[in-house]
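Spelled out, the chains give:
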Amino acid sequence: MGYERNDTATDIDLRPIIGLLSNEPEQVVEILTVGAIKKHRKLVDRAERMFQVAHAGCRDDVKEPGDAHLAYLEATIEMHAQMSALTTLLNILGRTPKV
């Protein structure tokens, strides 16, 4: 299965969020964006903590992933998925609000 890349900035926008907020006033989008920024900061901190735990006792000869490593990967995936939503909100709002 091939993957075609389109180099436009809109590739990162989540279209369902754009549609959901298309008729909402700017104030609503700003409130949601501020909340998403705060959530993203928490998710970044969590992923960083999980990284530290996962790599504290890291051995190169381990064949199977440990629970700490899997928790780190899950936290990082969650952080990046939420970042896509945040990026879409920032694009809809057209600016970065004060937090």
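Computed from a predicted model, the values in this text were never measured in an experiment.

A. A look at the overall build of the protein. Scanning the protein from N- to C-terminus turns up 3 helices and 0 strands. Taken across its 99 residues, the protein has 23% of its residues classed as buried. Restricting to contacts in the protein with at least 6 residues of sequence separation, those with at least 24 account for 82%. Accessible area of the protein: about 7,700 Å², with a carbon and sulfur share of 55%.

B. Seen up close, the packing of aromatic side chains. Applying the stated criterion across every chain yields a total of 1 aromatic pair. Between F51 and Y72 the ring centres are 5.4 Å apart and the planes differ by 65°, which places this aromatic pair in the edge-to-face class. Placement of F51 in helix α2 (residues 26–56) and of Y72 in helix α3 (residues 67–93) is noted, with a sequence separation of 21 residues between them.

C. Fine view of the nonpolar core. Core analysis: the largest hydrophobic core is formed by 8 residues, namely I17, L21, V29, A36, I37, L86, L89 and L93. Elements supplying a minimum of two residues to this core: α1 (15–21), α2 and α3. Excluding its chain neighbours within four sequence positions, the residues that come into contact with L89 are I17, L21, V29, L32, T33 and A36.

D. Geometry of α3. With 27 residues, α3 should reach 39 Å at 1.5 Å per residue; the first-to-last C-alpha distance of 39 Å fits that figure. For α3, the full list of buried residues reads Y72, A75, T76, M79, Q82, L86, T87, T88, L89 and L93. If you follow the buried residues of α3, they end up packed against α1 and α2. Looking one or two residues beyond α3, the residue adopting positive phi is G94, at roughly 85°.

E. Highlighting the confidence of the model for the protein. Across the protein, the average pLDDT comes to 88, with 83% of residues at or above 70. The model gives residues 1–6 a pLDDT under 50, and that stretch makes 1 contact with residues more than four places away or in other chains.

F. Local environment of the packing of α2 against α3. Between α2 and α3, the shortest axis-to-axis distance is 8 Å and the interhelical angle comes to 160°. On the basis of the axis angle, α2 is roughly antiparallel to α3. For the crossing formed where α2 meets α3, the hand is left-handed. Of the residues belonging to the contact of α2 with α3, the class tally is 22 nonpolar, 6 polar and 5 charged.

The rules behind each value
- Residues numbered from 1 in each chain as written.
- Predicted model: local features only at pLDDT ≥ 70, side-chain atom pairs only at ≥ 80, totals over all residues.
- Heavy atoms only, no water.
- Helix = DSSP H or I, 4+ residues; strand = E, 2+ residues; numbered from the N terminus.
- Buried < 20%, exposed > 50% of the residue type's maximum accessible area, 1.4 Å probe, protein only.
- Contact = heavy atoms within 4.5 Å.
- Areas by Shrake-Rupley, 256 points an atom, 1.4 Å probe, with all protein chains shown as cover.
- Phe/Tyr/Trp six-rings, centres within 6.5 Å; stacked < 30°, edge-to-face > 60°.
- Core = buried A, V, L, I, M, F, W, Y, C linked by side-chain atoms within 4.5 Å.
- Expected span 1.5 Å × (residues − 1).
- pLDDT = per-residue confidence, 0-100.
- Axes fitted to C-alpha atoms, helices over the stretch in contact; angles between N-to-C directions.
- Parallel < 35°, antiparallel > 145°, perpendicular 65-115°, else oblique.
- Left-handed = near helix turned anticlockwise from the far one by under 90°.
- Nonpolar A, V, L, I, M, F, W, Y, C, P; charged D, E, K, R; others polar.

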